[in-house]
Structure formats: structure tokens, C-alpha cells
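# Architecture at a glance
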Amino acid sequence: MKFHPLIRRAGAFGLAAALYATVAHADADTDLVKRGEYLARAADCVACHTAPGGKPYAGGYGIESPLGTIYSTNITPSKQGGIGGYSEAQFDAALRHGIRADGAHLYPAMPYTSYAKLAPDDVSALYQYFMHGVEPVDGAAKATELPFPFSVRLAMAGWNLLFLDKAPFQPDPAKSEEWNRGAYLVEALEHCSSCHTPRNALMAESTSQAYAGGALGAWYAPNITSDPVSGLGDWSEAEVVQYLKTGRVVGKAQAAGPMAEAVEHSLQHLSDADLKAIAVYVKGLPEIRDARDQQPGHSFGKAHSDEATLRGVAGVSASNSAAGAELFSAVCASCHQPTGSGTRDQYYPSLSHNTTLGRGDARNLVAVILHGVVRRADGKDVFMPGFGADSLVNPLSDAQIADVANYTLQHYGNPELKVSAQDVALARQGGEPPLLAKLPGLLPWLVGAVVVIIGLIAWLIGRRRKG
Amino acid sequence: MSDNLSADVVVIGSGVAGALVASELAAAGASVLMLEAGPRLERWRIVENFRNQADKDDFQRPYPAAKHAPHPEYAPDNDYLILKGPDAKSYASQYLRVVGGTTWHWAASAWRFLPNDFTMKSTYGVGRDWGIGYDELEPYYYRAEVELGVSGPNDGTDLGSPRRQPYPMDHLLLSYNDQRFYDVLNANGFKLVSEPVARNSRPYDQRPTCCGNNNCMPICPIAAMYSGIIHVDKAERAGTKLLTNAVVYRLEVDAQDRIVAAHYKDPDGNSHRVTGKYFVLAANALESVKILLMSATDKWKNGLANSSDQVGRNLMDHPGTGVTFLADEPLWPGRGPMEMTSIVDHRDGEFRREWASKKLHLNNQVQTRHATLKALSMGLTGKALDDEIRYRSAHTVNINSFHDILPEPDNRMRLSDQKDALGLPRPEITYQIGDYTKKSAVHTHEAYAKIAELFGCREIEFSDSFAPNNHLMGSVIMGADPRDSVVDGQCRAHDHANLYMATSGVMASAGSVNCTLTIAALSLRIADTLKQALGKAS
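### Overview of the overall build of chain A
Secondary structure assignment for chain A yields 20 helices and 8 strands. Across the 467 residues in chain A, those meeting the buried criterion constitute 49%. Intrachain contacts of chain A at a sequence separation of at least 6 include 65% that bridge at least 24 residues. With an accessible surface of roughly 22400 Å², chain A has 59% of that area assigned to carbon and sulfur atoms.

Shown next, in the form of C-alpha cells:
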């Protein structure tokens, strides 16, 4: 069936109007501010624009990027330190195109490539919220100082030319209203692809691998396509909603690291209807299979305990070295139980049937052991201590973490996976750096070489002309 | 190599006292050197040692004593402490010489002393006055509660020690066992309270909530319970240099009576010397005395800081008695931590002129081991054995107590002629428990009988002989008068302007509660004094 272009347009417009009208009656400013507040939650602005222990939106949160630490800015309405002097057009340019009021370019740590899809009405609501609903805080946040050549912000103009699609979100009239609302939330506000889509050599999202999973420092944002093995194919919609609302689904997975922050600051605050819409959209993402995956990540493992063989064999010792089974017993089993099955209420989750140990990738297991789990959702604290260098419970060495990770993988997770002490050392440093970050030492030389070559060609041409 | 080490502050001992001082001073920008006689044990190793040991009630066992820095072991007895006197066995104390100190295996009870505990002589005409009052210490008590992470009854329960701020954390929900006791005892004229503890009731200071492993002693496997190692780690991360296996055996004093150096032996017996501007002796109440006495010179014939001849005297503890019986209802001790509630109706009052104050506490340790040993001794087998174990595990009640004791100069520690592996003298202790305490214990016995009656008791067994409770106090006693005390109100040696003592040894009364929070508060106060002295106060 083919629509007349005009009808199609009207249809799309009507659909769009319905989508964006989640908070009714924007006739009073307070309603608009309230809508903006909801949208700001959905966009999770607070997560990056608030320093630990700092005032909301006052910036200064250090985002560890492979290129160096990028500090978020003060986006409170303070004229002195924040964005109080921004017009709505300037706000829009920053939000959707990554250009500050002074004309300088933002780094794409600010997910403006996602926010570019925001509807103009929502940009207005967000502007109203940030001007009238947020407490102004004077004082600029700590400035970002990346090393050369990344310090040249103008370079982002070229990057934007390649990777920034400035078109706002266009609803697909062939899909349901719910799907479209989900698409808008996922693609624009929640900017899910920022983490779940792998990045190419120039740090842009690789569109051919959309939502197939991407590295995030020491963490790994998993495949959330509808593939039944690598992705969320065999999760029900209700399970996806529960995960987004509480950060966990018993027998499948739990949110840690950056995803725990997304649940805590943003997702748990969304309306049930919006969470359902996200689930509908995510469940419809095109399947992408990771060739390494043979079975779903949550299908591995079973209860296992070595306690009976340990006791009576291992004695009392003053030595601080031991093998995986003993480390597991001492470090993990006090909460996750000697069988690794967790507690009956699963507050302490089972290690088997747990995607952290079951995927084709052990990065999240290592990251969880190093950094623990901190998540406040659903009115409850979930906390697992980390065992990294800053641990106040028991800092473990690279070799110890590798030993305990391999023990748990062997018995409770994907036994094909192996973790080495080097993997742990790398995770401590924030994970495998991307190609671009390995280049900075080389880049000035490359640029220099190109300039020299161009100069040489020009000289040759000049000589020929003369000759 | 390390002979050349020098620092603003040299801290001797890495338990809760030394670690708090080191962590505070290092964070303020001072250079700090911390010397620990024993080795570093990782938490996981201690947990595994506990799980591998047969006798779960031997709290020293998971911490094997180092040959060069022995600490008391009783199963088998290593005779490290040489005990003499009529009540020698009642001072068979446990303490640890390892990085982090003895709070690795405490019960985490984090009580404040009562205002009257500081003025026993002037209020009740017995014992001594500290020379400082509760009010001076109150802000430091709170800081200690924040540093250690104390959870307590924020519901208005009056524990007799006035407080300006609520506990940093609310208390944990009582176990069923403790809740039943709470209900029954408070309805029958006793005052039973949820006790303040340095144990997480929510995630706090990067450490998890208690999940009820029920082996706080000898080791919390998840660090939900505070231990001195927490501030050792913080001190090191703030820049403190920690030397392990460094057995200090002498403080060197100059002509102006200032301490100029600490001498230590490594495990091979080689001597080393470190220097500093200030010295903090935080090596526990007995080992600190040992160092002072070993440092004797021609001028300081009785040892350093000892012009009063009080170093090593006035030894106190909390002599304990107990009772065990079978209740007529299942109480199932063992859920949650090992101790949660205390009976506090005789912590203060005019009676203290005549007999000792005290605190009674319900044991919430899981009883399966004792139940099994008893059932086996009854010759049972098969289902009868299982049933008996189950019954006893559910119905066994055990209550223990701390009694106050007066500081008596004759209760003392001296250097023995017997030496350890490094050739250093062992502590020799003479101890006698007086009538002041014994009178109170008779009253405690009656209270036990009443409580047992409330629970329809069977098989009641009293333990009336005094047990040690490892709260070693009085050995470097605080006082206003240099002629009869070792340190002043700032915990500074009367005799040496740059020597401070961060230990329960300074405590001039024993009161009726665990002494760790008071040690922590005094240590934070020492840290403040030294920050001022070093110009590092913020």
C-alpha cells in the first residue's frame, strides 16, 4: 500500500504529536518545566553533568575516555558558571549539534549525535527545565584538557561532517505508536547506542553493527539486538521492562557499572508505558549474532561446591597465595554461597544462569570483581564490594582476580572463556584503548609527513612549469 | 637502608589506634611512618584459616603467631603471657600482632563510656578520675563513629551517653533470638537495648551490609564489620609508609627527655633505627608497656615515661561470668551477627560506691557446634542424635557479662626473665580480682537465674569463674597528676613532650563496656593535637 506523500506526512505529524504529548497540557510554564524534567531524566543528563557529591547539573564529572578525561560542564542556569546566558537557539545547537554558545565544538562524550534526533518541542521543554527548574550553581566546572591533537576542538567539525546526522527523529508510520515511542526513547533520549553500538576507528558508532555490543572502558555493553543467542531474543518484553526498572532479572542478568547508573538515574524513573515502549522497540532490533556465541549467556552453569574437598586438606597458613577454589570460598562464597547459587531470595544472585559469566566475553566479570556493583533502584541498595586496588574489603592481585574469575567461569559460566593476569591489568587501566588513542604519539608525525609530501608535490609541479 | 628512615610522626603499632592516627595525619599532609611487629595477612587467608580450623571458638587460631612477634596462643598454649597471682587465668588475654591489630576479631561493639565513668573517684569515691570529662570526648566519639561506621538505635533509646548527632547508620533489625529477649526482658523489669556496633546496616564506606555469616569473631569475611585494617589501607593510600615485621624494642631518648628514635629488629634479629619529630606508641596496652620498660636508661632506670612508677600497673579488663540453659521455646540463635543486644540496667548508679557496674549480653552465636558435641557426649545415634542436635541448636541460650574492676597498682605487668625468639622479654602479669567486682558478680548470678526462669529454663549451668574479655586497660594510665599517672589528658607522656600513647592502656577506669570506641576517639584527638603541632590543621 502506498500513501500519498501529503497524507503520509499528516499521518506522521499526528503520530508525532501523540508521541511527544506524554505530559499533557503544556499551557502553563510549570507543565513545560515538568515535561522538561522528565525528558532530562530520560536523557540521563544528571549522570554525566553531576560530580560525585556535587550539586546537580553543576558539571565536573570526569568521563574517562581513551583519549583522556573529559569533564562535563556546568549546565545549571547560572549566567556566570553555567548556561544561564544561552538562548534557546544556542541551547539547541549545543544539544543537537555539539556546538557551544562561543562556537567551540563539544566532544562526542556528549551524546549529541543521539540528541540530534530530539523533537523541537522536546528541546523547548528541556530548555525551559534547565532555565527554570534547575538550581543555578556559580562557578565553571573543571576544564577538559586533552592532549594534542585531540585538544584541537575544530577537528570535531570534520568528524561531525562524517558522523553527525542532523535530521530529527522521523516516526515510521508502518509501525505502531508504541514502537515509535520506543524508537524515539532509545535512539534519541536514552542514547542507548552510545554504549551498545561498537565504535569504529574514528570513535563513531558503527551503524552496520547497531546495538551489537560495545566496549566501555573496563566494561562491555552487551548485544541488545533481538538475536536469541547473542542478544535479548529469548527475553520477554516483561523481563526487559523489569530489568530497566530494577536493574535485574533473576536467572538472567543484573546491571552493574555504567548500566547500573543508567537504571539508577534514568530508566527506573520512566513511566511504565515508556519502559514497555522501549522493550517493544528493543525486541524488534535486527538480529546480529556474535560468531563466538553458541548459546545464550544466561544458559550456562550449575551449582557446584568444592568445600567438601577443601576442608581438611588446606590447613591454617600464613601464606597469602592460593588457588581458585580457596579464593572463591573466601572471597565470593560468603555472599554468593558455597555452591555459587546465591541466596534463596536471590538478593545475592546466582553465578550460574548469569550473563556476566556466560557471554562470549569475560570483561564484565573482571570489571565487576575489580569495581563491584553499586545500584540503587526500586528503593533498595544493591552493593557488591570491588576487589581492585582501592578495595577496603580485600584488594586482590591481577593473578588472584584471574584465578577466581577462571574458577567461576569454569563452574558457573562459559568454560571456554579464560582470563589472564594481563587481561586484569588491562581492565585496571580502563580496558583496551581504541586505535585512535594508540595513535596520538604518531599522529603529529603523520600530519607532518602529509604536509611534507604535499609541499614536495607542489614544488615538483612548480619546477615542471618552470622547466 | 631503612635505618635512614625519618618522618614527622612515627607510629608504633598498626591496630585501630595507630591506623587512625596515621590515616588522619597522612591525609593532612604529614609524613608518617608506621611500624608493625607482625606480618600482613590478607582477609581471604584469615577466612580460609577459620574455615579450615577444627575448633571454631579459638579466635586466635586463624592468625598464626609469627616467630619473631609472638602473640598469645592457647590451643596449644604457647606460654607467651606469663600469668601469676590468684586470678592469673582471668587475664589469659587474646590479642593479635598482625597488620590491622586485634579488631580483626572483635565483636564490633562500639559503646561510648558514661559521663560518670570518667569521674569514678569524685563521683563515687572509688577508683580514679581521668582528668578529662565525657564532654571533651563527645565530638571525638562521634568522629570515631563516622570513621568506624557505627550503626545504633536511632529510635531515641537512651544509652546514658549524651549525643549530639544520630548514629551514622540505623541499627540492623534484631534477630528473632534477640527480638524475643527484647520483648520478654523489657516486659519484666530489665532494660535490654539494641547495642551500637561498628557493623554496616547499609553499604557504608565502600563496604557491604552485614549478611549474617555469624562469625564476626574470629573474622568478618566481607568487611561489613569494621577492622583496623580499614584505616591501615586508608593510611597507606594517603601516603603513610608501613614497615611490617618491624619489632620495636627500644625508644631512644635525648638529654632533653625527648624521644629521638625508635629501634626495631627485623625477623633475622638485625637492628634498625628510625627517627621522627613525634612518636605515637600504639602497640596495645601490654606491648606498649614492654617497649617502655625495655627502653630503660641510666637516667630512666624504671623505663621511659615511668617517673611515676605506674607503667605496667593498674591492669584492668572486664571480668566476665556467664550462664547457659535450654529455653522452653525455640529461639534459633545464629541469624545475623554474633551479638546484638545488651542488658544495661546496672551500668551506673550509687551502687558503684560498693560494687562494680556491669553489662550483660545475649550471645547470638549459632549453637550447632556446641549442640552437636553435647548430643554426641550423650551417646545418641541416628535420628535421636539429629533430633537432639536440632533441639539444642534451637533452644540453647548463652548470656555473658562484663564487670567493672578498679585500677589497683598491684595488678601489673613486668618484663619476664623468659625471652622470645628475638631475645626480647615476655610479659609477666600478676592479677587479682577484688571484692568490688566479686560482689557484683553475685548479683549477676541472681539476674541470670531470673532471666532463665522467664524462659522456663532447663539444664542451667553457671560459669561463675571470671573469664578474660581482652579489654586491656590501665597499663599507661591517664591522670592529671604526673606523680601517679603516665599520660596527661591529651594522652601525652608526662615525662616526654613528644611521646603520645594511643592505646586502651591510658584508660583510667574500665567502666562496663567494650573499650574500642574510646580508643578510637582518643586516637582521633591525638591526631588533632599532632596536626596542630605540625601546622597541618585545616
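### A word on the pattern of salt bridges
Under the counting rule described, the total for this entry stands at 53 salt bridges over all chains. In this structure, A:Lys276 and A:Glu237 form a salt bridge, with 3.9 Å as the shortest nitrogen-oxygen distance. Here A:Glu237 lies in helix H10 (residues 237-246) and A:Lys276 lies in helix H12 (residues 272-283), a separation of 39 residues in the sequence. For A:Lys276, a relative accessible area of 35% corresponds to the partly exposed category. Of the charged contacts in the structure, one is a salt bridge between B:Glu136 and B:Arg525, with a shortest N-O distance of 3.3 Å. Of the two residues, B:Glu136 is situated in helix H4 (residues 134-148) and B:Arg525 in helix H11 (residues 516-533); the sequence distance between them amounts to 389 residues. A residue is classified by how much of its surface remains accessible, and B:Arg525, at 7% relative accessible area, is buried. Look at the salt bridges and you will find they share partners, linking B:Arg112, B:Glu138, B:Glu145, B:Arg163 and B:Arg164 into a network.

### Thoughts on the interface of chain B and chain A
Contact with chain B, which involves 29 residues of that partner, is made by 31 residues of chain A. Counting each side, the surface lost to burial between chain B and chain A is near 2600 Å², with a carbon and sulfur contribution of 53%. Between chain B and chain A we count 2 salt bridges in total. The tally of links between chain B and chain A comes to 16 residue pairs in polar contact (both at pLDDT 80 or more). Mapped onto the side of chain B that touches chain A, the elements with two or more residues apiece are helix H2 (43-52) and helix H6 (229-237) of chain B.

### Focus: the packing of helix H2 (residues 29-42) of chain A against helix H6 (residues 120-132) of chain A
Residues and elements named next belong to chain A. Contact pair H2 / H6: the axes reach a minimum separation of 7 Å and the direction vectors enclose 100°. When the axes of H2 and H6 are compared, the pair comes out roughly perpendicular. Contacts between H2 and H6 involve Leu32, Val33, Arg35, Gly36, Glu37, Leu39 and Ala40 on the former and, on the latter, Asp121, Asp122, Ala125, Leu126, Gln128, Tyr129, Phe130 and His132. When its residues are assigned to classes, the contact of H2 with H6 shows 8 nonpolar, 3 polar and 4 charged.

### Here we look at the nonpolar core
Inside soluble globular proteins, nonpolar side chains tend to come together where they are buried. B:Ile12, B:Leu35, B:Leu251, B:Val280, B:Leu292 and B:Met501 are the most contacted members of the largest nonpolar core, which has 179 residues in total. When neighbours within four sequence positions are excluded, B:Leu292 is seen to be in contact with B:Leu251, B:Leu281, B:Gly303, B:Leu304, B:Ala305, B:Val311, B:Val476, B:Leu499 and B:Met501. Residues A:Ala43, A:Ala116, A:Ala125 and A:Ile224 belong to the second largest nonpolar core, which totals 72 residues.

### A closer look at the sheet that holds strand E14 (residues 396-403) of chain B
Residue and element names in this part refer to chain B. Taken in spatial order, the 6 strands line up as E6-E12-E13-E14-E11-E17 in an open sheet, and their pairing is antiparallel. Single-partner strands in this sheet number two, and they are strand E6 (192-194) and strand E17 (458-467). On average, each strand axis in the sheet is tilted by 25° relative to the strand beside it, whichever way the strands run. As paired elements, strand E13 (residues 358-362) and E14 share 5 bridges and run antiparallel to each other. Bridging from a neighbouring strand, leucine 360 pairs with serine 401 of E14. Packing of helix H10 (residues 435-454) onto the sheet brings it into contact with strand E11 (320-326), strand E12 (341-343), E13, E14 and E17, and relative to E14 it is tilted by some 155°.

### As for the confidence of the model for chain A
When pLDDT is averaged along chain A, the result is 86; 87% of the residues meet or exceed 70. Between residues 1-28 of chain A, whose pLDDT stays under 50, and residues either more than four places distant or in other chains, the model counts 30 contacts.

### Details of the pairing of strand E15 (residues 412-419) of chain B
All names here are of chain B. In terms of strand pairing, E15 meets strand E16 (residues 425-430) through 5 bridges, oriented antiparallel. Bridging from a neighbouring strand, leucine 415 pairs with proline 427 of E16. Hairpin remark: E15 followed by E16, antiparallel, with 5 residues in the connecting loop; positive phi at glycine 423, about 85°.

### A word on the packing of helix H8 (residues 177-189) of chain A against H12(A)
Residues and elements named next belong to chain A. Contact pair H8 / H12: the axes reach a minimum separation of 7 Å and the direction vectors enclose 90°. Viewed along their axes, H8 and H12 adopt a mutual orientation that is roughly perpendicular. The residues of H12 that touch H8, namely those facing Glu178, Trp179, Arg181, Gly182, Ala183, Leu185, Val186 and Glu187, are Asp274, Lys276, Ala277, Ile278, Val280, Tyr281 and Val282. Of the residues in the contact of H8 with H12, the class split is 9 nonpolar, 1 polar and 5 charged.

### Let's talk about the packing of aromatic side chains
Residue and element names in this part refer to chain B. Following the criterion strictly, the structure yields 19 aromatic pairs over all chains and no others. Ring centres 4.6 Å apart and planes at 55° place the aromatic pair phenylalanine 118 and tryptophan 130 in the tilted group. Taken as a pair, phenylalanine 118 in the loop between strand E3 (82-84) and helix H3 (120-124) and tryptophan 130 in the loop between H3 and H4 lie far apart in primary sequence, 12 residues in all. Exposure remark for phenylalanine 118: the relative accessible area of 1% places this residue in the buried category. Residue classification places tryptophan 130 among the buried positions, given a relative accessible area of 0%. Judged by centre distance (4.5 Å) and plane angle (35°), the rings of phenylalanine 351 and tryptophan 355 are tilted.

### Considering the environment of A:Ser151
Residue and element names in this part refer to chain A. Secondary-structure assignment places serine 151 in the loop between H6 and helix H7 (155-163). Residues serine 151 and tyrosine 107, 44 residues apart in the sequence, show an inter-C-alpha distance of 9.9 Å. Filtering out sequence-adjacent residues up to four positions away, serine 151 remains in contact with Tyr107 and Leu146.

### A look at unusual backbone geometry
For the bond from B:Ala75 to B:Pro76, the omega torsion is 0°, close enough to zero to count as cis. Along the chain, the position of B:Pro76 falls in the loop between H2 and E3. Put simply, B:Met217 and B:Pro218 share a cis peptide bond, and its omega is 15°. Structurally, the position occupied by B:Pro218 is in the loop between E6 and H6. In this model, A:Tyr57 sits at a positive phi of 70°, which is unusual for a non-glycine residue. Within the secondary structure, A:Tyr57 is located in the loop between helix H3 (45-49) and strand E1 (62-65).

### Some remarks on the state of the cysteines
In total, this model carries 0 disulfides over all chains according to the counting rule given. Here A:Cys45 is not cross-linked by a disulfide; its sulfur's nearest cysteine counterpart is in A:Cys48, at 9.0 Å.

How each quantity is defined
Sequence order as written defines the numbering, with residues in each chain counted from 1. Chain labels run from A onward and ligand labels from 1 onward, assigned in the order the entries are written. For a predicted model such as this one, the threshold for reporting local features is a pLDDT of at least 70, and the threshold for listing and counting side-chain atom pairs is 80 or more; totals across whole chains, interfaces and linings nevertheless cover every residue. Each side-chain value is derived from all of the structure's non-hydrogen atoms; neither hydrogens nor water enter the calculation. Note on conventions: DSSP H or I runs of at least 4 residues are helices, E runs of at least 2 residues are strands, and numbering of each starts at the N terminus. When accessible area is computed with a 1.4 Å probe and restricted to protein chains, residues below 20% of their type maximum are described as buried, those above 50% as exposed, and intermediate ones as partly exposed. Only heavy atoms matter for contacts: two residues are in contact if any of them lie within 4.5 Å across the pair. The protein chains shown are the only cover counted for residues, whose accessible areas, like all others here, come from Shrake-Rupley with a 1.4 Å probe. One speaks of a salt bridge when a side-chain nitrogen belonging to Lys or Arg is within 4 Å of a carboxyl oxygen belonging to Asp or Glu. Defined in terms of a 1.4 Å probe, buried area is the accessible area two parts forfeit on being brought together, summed over both. Two N or O atoms form a polar contact when they lie within 3.5 Å of each other; inside protein one atom must be a possible hydrogen donor and the other a possible acceptor, and for residues adjacent in sequence the pair counts only when both atoms belong to side chains. Helix axes are fitted to C-alpha atoms over the stretch in contact, other axes to C-alpha atoms as well, and angles between N-to-C directions run from 0 to 180 degrees. Note on terminology: angles under 35 degrees are roughly parallel, angles over 145 are roughly antiparallel, angles of 65 to 115 are roughly perpendicular, and the others are oblique. Residue polarity is assigned by list, with Asp, Glu, Lys and Arg as charged and Ala, Val, Leu, Ile, Met, Phe, Trp, Tyr, Cys and Pro as nonpolar; anything else, Gly included, falls into the polar class. Only buried Ala, Val, Leu, Ile, Met, Phe, Trp, Tyr and Cys residues count toward a nonpolar core, and they belong to the same one when joined by side-chain atoms within 4.5 Å. Two strands form a pair only when DSSP identifies at least two bridges running between them. Confidence scores per residue from the predictor, reported as pLDDT, run from 0 to 100. Side-chain rings of Phe, Tyr and Trp (the six-membered ring for Trp) are treated as a pair once their centres are within 6.5 Å; stacked means planes under 30 degrees apart, edge-to-face means over 60, and tilted covers the remaining angles. Disulfides are defined in this document as cysteine sulfur pairs within 2.5 Å.

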